[in-house]
Amino acid sequence: MRPFLLTSAACLAIFNITGVAQTSDSAFDIATIKRYTPTNGVSAGAYYYPQRFTGVGTLRDFIQIAYDFPADRVAGGPPWLDSERFEIDGRTSVKVPPQRLMTMLQSLLTDRFALHVHRESRELPVYDLITLHNGLKIHPLADAAKPGGITSGRSLLRGQMTLANLARALSPTLGRPVIDRTGQTAKFEIKLQWSPDDSPGSTQPSIFTALQEQLGLKLQSTKGPVDVMVIDHANKPSAN
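Note that this is a predicted model, so its numbers are computed, not measured.

Chemist: Whenever I open this one, the overall build of the protein confuses me. Can you help?
Modeler: Each helix and strand counted, the protein has four helices and 14 strands in total. Considering the protein as a whole, with its 240 residues, one finds that 40% of them fall into the buried category. Contacts in the protein between residues at least 24 apart in sequence constitute 77% of all its contacts with a sequence separation of at least 6. Total accessible area on the protein is roughly 13,000 Å²; 50% of this is exposed by carbon and sulfur atoms.

Chemist: Quick question: what am I supposed to make of the nonpolar core here?
Modeler: The nonpolar side chains of a soluble globular protein tend to be buried, and buried together. Core analysis: the largest hydrophobic core is formed by 30 residues, its most contacted members being Phe53, Leu59, Ile63, Ile88, Leu109 and Phe113. At the level of secondary structure, the elements contributing two or more residues to this core comprise β4 (30–37), β5 (45–49), α1 (59–67), β8 (85–91), α2 (98–112) and β14 (217–233). Once you skip the residues sitting within four places of it in the chain, Ile63 turns out to touch Asp68, Val74, Leu109, Leu115, Met229 and Ile231. Residues Leu174, Ala210, Leu211 and Leu217 belong to the second largest nonpolar core, which totals 21 residues.

Chemist: Sorry, what's going on with the sheet that holds strand β13 (residues 187–193) here?
Modeler: Strands belonging to one sheet form pairs held by backbone hydrogen bonds; the direction of such a pair is parallel or antiparallel. In space, the three strands of this open sheet follow the order β10-β11-β13, with antiparallel pairing throughout. Two strands bound the open sheet, and with one partner strand each, they are β10 (150–152) and β13. Each strand of the sheet is rotated relative to its neighbour by a mean of 20°, with strand direction disregarded. Bridging between strand β11 (residues 156–162) and β13 involves seven bridges; their strand directions are antiparallel. Within β13, the residue paired with Met161 across the bridge is Phe188.

Chemist: What should I look at first to understand the pairing of β14 in this one?
Modeler: For a regular strand, the rule is simple: side chains alternate between the two faces of the sheet. Note: strand β7 (residues 74–76) against β14, three bridges, orientation parallel. Bridge pairing in β14 links Gly76 to Ile231.

Chemist: Before we go on, may I ask you to explain the side chain of Glu84 in this structure?
Modeler: On the secondary structure map, Glu84 appears in the loop between β7 and β8. Separated by 3.2 Å, the side chains of Glu84 and Arg35 make a polar contact.

Chemist: How should I be thinking about unusual backbone geometry in this particular structure?
Modeler: Keep in mind that most residues, glycine aside, have a negative phi and that most peptide bonds are trans. One non-glycine residue, Asp68, adopts positive backbone phi at about 50°. For Asp68, the location among the structural elements is in the loop between α1 and β7. For Asp68, a relative accessible area of 53% puts it in the exposed group.

Chemist: Please clarify how the pattern of salt bridges should be interpreted in this entry.
Modeler: Oppositely charged side chains can form a pair if their charged atoms are brought close together. Considering all chains together, one arrives at ten salt bridges under this definition. One salt bridge in this structure joins Glu84 and Arg35, with 3.2 Å as the shortest N-O distance. With Glu84 in the loop between β7 and β8 and Arg35 in strand β4, this pair connects stretches of sequence that are 49 residues apart. Residue classification places Glu84 among the buried residues on the basis of a relative accessible area of 14%. Look at the salt bridges and you will find they share partners, linking Arg35, Glu84 and Lys236 into a network.

Chemist: Any chance you could explain the sheet that holds strand β12 (residues 178–180) here in plain terms?
Modeler: Strand order across the open sheet formed by four strands is β7-β14-β9-β12, with mixed pairing between neighbours. Of all strands in the sheet, those bounded by a partner on one side alone are β7 and β12. Across this sheet, the average inter-strand angle for adjacent strands is 40°, counted without regard to direction. Lying on the sheet, α1 is in contact with β7, β9 (116–131) and β14; it crosses β14 at an angle near 105°. Sitting on the sheet, helix α4 (residues 207–215) touches β9 and β14, and the angle it makes with β14 is about 125°.

Chemist: Teacher, can you tell me more about the packing of aromatic side chains here?
Modeler: To describe a pair of aromatic rings, one takes the distance between the centres and the angle between the planes. Summed over all chains, the structure comprises four aromatic pairs. Ring geometry for Phe53 and Phe62: centres 6.4 Å apart, planes at 70°, overall edge-to-face. Taken together, the ring pairs in this structure connect Trp80, Phe86 and Phe113 into an aromatic cluster. When the ring centre of Tyr127 is taken as origin, the NZ or CZ atom of Arg176, which lies over that ring, is 4.2 Å away.

Conventions used here
Residues numbered from 1 in each chain as written. Predicted model: local features only at pLDDT ≥ 70, side-chain atom pairs only at ≥ 80, totals over all residues. Heavy atoms only, no water. Helix = DSSP H or I, 4+ residues; strand = E, 2+ residues; numbered from the N terminus. Buried < 20%, exposed > 50% of the residue type's maximum accessible area, 1.4 Å probe, protein only. Contact = heavy atoms within 4.5 Å. Areas by Shrake-Rupley, 256 points an atom, 1.4 Å probe, with all protein chains shown as cover. Core = buried A, V, L, I, M, F, W, Y, C linked by side-chain atoms within 4.5 Å. Pairing = 2+ DSSP bridges. Axes fitted to C-alpha atoms, helices over the stretch in contact; angles between N-to-C directions. Polar contact = N/O pair within 3.5 Å; in protein donor to acceptor, adjacent residues only side chain to side chain. Salt bridge = Lys/Arg side-chain N within 4 Å of Asp/Glu carboxyl O. Phe/Tyr/Trp six-rings, centres within 6.5 Å; stacked < 30°, edge-to-face > 60°. Lys NZ or Arg CZ within 6 Å of the ring centre and 35° of its normal.

By themselves these figures say nothing about function.
Next comes the structure, spelled out in structure tokens:
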């Protein structure tokens, strides 16, 4: 079992939308969609198993998961894109790798939400991640194959990652794409801690200062071509 997002306690308001997908390499054998009503604030989460995908979230959340695409670069869509939440449960009769489950999820979104998307490049504000003149303050891992996870939160990012991974992880926090311009391809053991706001009483630096002081990296504001996923059409799923 591998989590995509964190989950929180909530109750289900069943929106009787149960369907059986066509059996194929790109479709679940059985797929169920229910309307989801949180009782304790915003709730989202997703997990995959060898024969099952289950998740709770908005249509934007599921697009992010299915296409492995940053949620803040999904443009357009209906008014309910970020407000209506659904529970999806897709199952297969045989074990399949996670990548194939995501292909099945794409097909399910197309079939049940009538989702149509396309990608295009737009000139948008971005941050370039560059190395300071006096160099990095971190060193490449001696054993890059050693397994290790990544922990992230509002004020902490820690784990073994490339700087390209770091740039991607920073994008949601900064609210715009971060592009790795360091030229480094090695994997590093990274621990980055910062203040989640600009409160004068905070003992932690801003994320911009933390990158310079702790890692020897700098964010440079600029504009550049950004890959954007545009929602051309989407409907709420309806009962069969």
